[in-house]
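Here are the chains, one letter per residue:
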Amino acid sequence: MTLSFHPIDWSDGGLTILDQTLLPGEERYVELADLAAMIEAIRSLRVRGAPLIGVAAAMALARDAEAAARDGVLTPERVRDSAERLNASRPTAVNLGWAVTRMLAVADQQFARAADARTVARALREEAQAIWSEDEAMCRSIGEHGAELLPDGSTVMTHCNAGALATGGIGTALAAIYVAHEQGRGIAVLSTETRPLRQGARLTAWELARSGVSVTTLADSAAGAALASGRIQAVITGADRIARNGDVANKVGTYQLAVLAQRHGVPFYVAAPWSTVDLAAADGSAIPIEERAAGELDPAPEAAVWNPAFDVTPAELVTALVTDRGVIRPPLAAGIAAAAG
């Protein structure tokens, strides 16, 4: 399908992003001139979604290298310092570290060959573009695998935003919905608002409606009632990191949806690229959980606040993982090991 919006792109002066903090009220594209601007954009969620963060980080490293090459200051130390700063911006999303590590490997290879600065920068630009192109193809693959799991005429619940705004292509969880929609299969979506930043209400609902998909937004606290009503045929979410045993870290609130789905006999699917699988994390306890600022919850001044950005859904609650390498069914640990080769 052809999207009418683009969350990131190359520009003459750096990189251009769609500022997602302004949606749905305003569709504003902002040019980021340097690495510091991208780091701020990632931290502030102007750029968000694990796959898109990885793409954005790769592109930012490439642009930073090009600027350093023009100024005559491109060195291995410069690239590594920039990579470390990017890695620190969002610790939970594994795609960020994956993309940065891949870019560093290219830089190291070029420096080992004693390549000149412009050659190093050009190689990094090509690698960043490859990461973006692969992400786009990955989204399509996930969508085709995931669409097969959705019955014709079904209503699907999703949480947070795992669509084109969160990736370099048509999304992960939403990719399955988009492909089924392309096929004319009458899929409707219930999108939780996703507190505290309401990515479901602001972003998922915006992009689905703009793409012609029937979407209804509901409060997070209404999800249990919706699942109990029998109107939901599947729940599908994205993931920011998947442990080796199949535990899934995703936007906070995902765990309770998985529990409710199991209670009401509704399949709970997680759609994510293979790069989201962290084979170094034995289980969910090894996944760092980012905490957001207290002010996002607008609490009473006297109240303490706990505001985790993510929670961990145990593998036993996941009906299947939908990846670009195919659908992985329980036991997830064995399936992940087999897919890893």
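You'll find the structure just up there.
The shown structure was predicted, so the numbers you read here are calculated from the model rather than taken from an experiment.

Trainee: I keep staring at the pattern of salt bridges and nothing clicks. Help me out?
Mentor: Two side chains bearing opposite charge may form a pair once their charged atoms approach each other closely. Within this structure, the stated rule accounts for 18 salt bridges. Here Arg46 ties to Glu40 by a salt bridge, and the two come within 3.2 Å at their closest N and O atoms. Take Arg46: its relative accessible area is 27%, and that puts it in the partly exposed class. Between Arg140 and Glu144 there is a salt bridge, with the nearest N and O atoms lying 3.3 Å from each other. Of this pair, Arg140 and Glu144 both sit in helix H5 (residues 117-147), four residues apart, which is roughly one turn of that helix. Residues joined by salt bridges that share partners form a network here, namely Arg90, Glu290, Arg292 and Glu296.

Trainee: Hey, could you run me through unusual backbone geometry in this one?
Mentor: Omega for the bond connecting Arg195 with Pro196 falls within 30 degrees of zero, at 5 degrees, which places this linkage in the cis form. The phi torsion at Leu45 lies on the positive side, around 70 degrees, for a residue other than glycine. Summarising the element assignment, Leu45 is placed in the loop between helix H1 (35-43) and helix H2 (50-71). Owing to a relative accessible area of 9%, Leu45 belongs among the buried residues under this scheme. Positive phi, normally seen in glycine, also occurs at Asp298, with a value near 50 degrees. Topologically, Asp298 is positioned in the loop between strand E11 (277-278) and strand E12 (310-313).

Trainee: Honestly, helix H10 (residues 332-340) in this entry has me stumped. Any pointers?
Mentor: Since one α-helical turn is 3.6 residues long, residues separated by three or four positions face the same way. Those residues of H10 lying buried are Leu332, Gly335 and Ile336. Around the axis of H10, the buried residues are gathered within 100 degrees of arc, so they sit on the same side. Taken together, the buried residues of H10 touch strand E8 (241-243), E11, strand E13 (320-323) and strand E14 (326-328). Within two residues after H10, Gly341 carries a phi angle of roughly 80 degrees, on the positive side.

Criteria and thresholds
- Residues numbered from 1 in each chain as written.
- Predicted model: local features only at pLDDT ≥ 70, side-chain atom pairs only at ≥ 80, totals over all residues.
- Heavy atoms only, no water.
- Salt bridge = Lys/Arg side-chain N within 4 Å of Asp/Glu carboxyl O.
- Buried < 20%, exposed > 50% of the residue type's maximum accessible area, 1.4 Å probe, protein only.
- Helix = DSSP H or I, 4+ residues; strand = E, 2+ residues; numbered from the N terminus.
- Arc of directions from axis to C-beta.
- Contact = heavy atoms within 4.5 Å.

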